[in-house]
Amino acid sequence: MNNNSIGFAITIAAFAFFIVCPRMGAMTNLLERHTNFPIYWLVIIGTFGSIPLLLVMTWLIKQWGLMAGLGFAILTDVAAAGILASVNIKVAVETFIIAMFVVGGNKFAMWITAKFIG
């Protein structure tokens, strides 16, 4: 394996670890607690369903920057909350709150690193 192949493999592994993040764990837990759908099927089918959304978000980031991608992600979270409201209003509200913390956390992380790392 040459350096490009190793770098590519490392980047793919890092992305896979990003997908399995604390937010994803929190959202999976919410759905598992408040729905009757088998959680493993939810993860498998939902992962395939998310691929087009990930591609749109990536395209937006590449074209217009991080805030465009985050804006789209917030819209998808609001859509998820709206859909979930028909199942359980508590899950919908928790989904929206988690989305707001993600955006706030991103801004805070960028501020901290700019201040201390440059």
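A quick note: this is a predicted structure, and the numbers were derived from the prediction, not measured.

Considerations on the overall build of the protein chain
Counting its secondary structure elements, the protein chain contains five helices and zero strands. Counted from the first residue to the last, the protein chain has its helices and strands arranged as α-α-α-α-α. C-alpha atoms of the protein chain, sized along the principal axes, occupy 50 × 35 × 25 Å. By residue count, 14% of the 118 residues in the protein chain fall in the buried class. Contacts in the protein chain between residues at least 24 apart in sequence constitute 51% of all its contacts with a sequence separation of at least 6.

Observations regarding the nonpolar core
Met-27, Leu-30, Ala-81, Leu-84, Val-91 and Ala-92 together form the largest nonpolar core, which totals six residues. Secondary structure elements with two or more residues in this core: α2 (22-34), α4 (66-85) and α5 (89-116). Look past the residues within four positions of Val-91 in its chain and what remains in contact with it is Leu-30, Leu-31, His-34 and Leu-84.

A word on the packing of aromatic side chains
The final tally for this structure, using the stated rule, is two aromatic pairs. For the ring pair Trp-59 and Trp-64, a centre distance of 5.2 Å and an interplane angle of 90° mean the geometry is edge-to-face. On the basis of relative accessibility, which here comes to 45%, the residue Trp-59 falls in the partly exposed class. Note on Trp-64: relative accessible area 58%, which makes it exposed.

With respect to the side chain of Asp-77
Positionally, Asp-77 belongs in helix α4. What Asp-77 contacts, discounting residues up to four positions off in sequence, is Arg-23, Thr-95 and Ala-99.

The rules we used
Residues numbered from 1 in each chain as written. Predicted model: local features only at pLDDT ≥ 70, side-chain atom pairs only at ≥ 80, totals over all residues. Heavy atoms only, no water. Helix = DSSP H or I, 4+ residues; strand = E, 2+ residues; numbered from the N terminus. Buried < 20%, exposed > 50% of the residue type's maximum accessible area, 1.4 Å probe, protein only. Contact = heavy atoms within 4.5 Å. Core = buried A, V, L, I, M, F, W, Y, C linked by side-chain atoms within 4.5 Å. Phe/Tyr/Trp six-rings, centres within 6.5 Å; stacked < 30°, edge-to-face > 60°.

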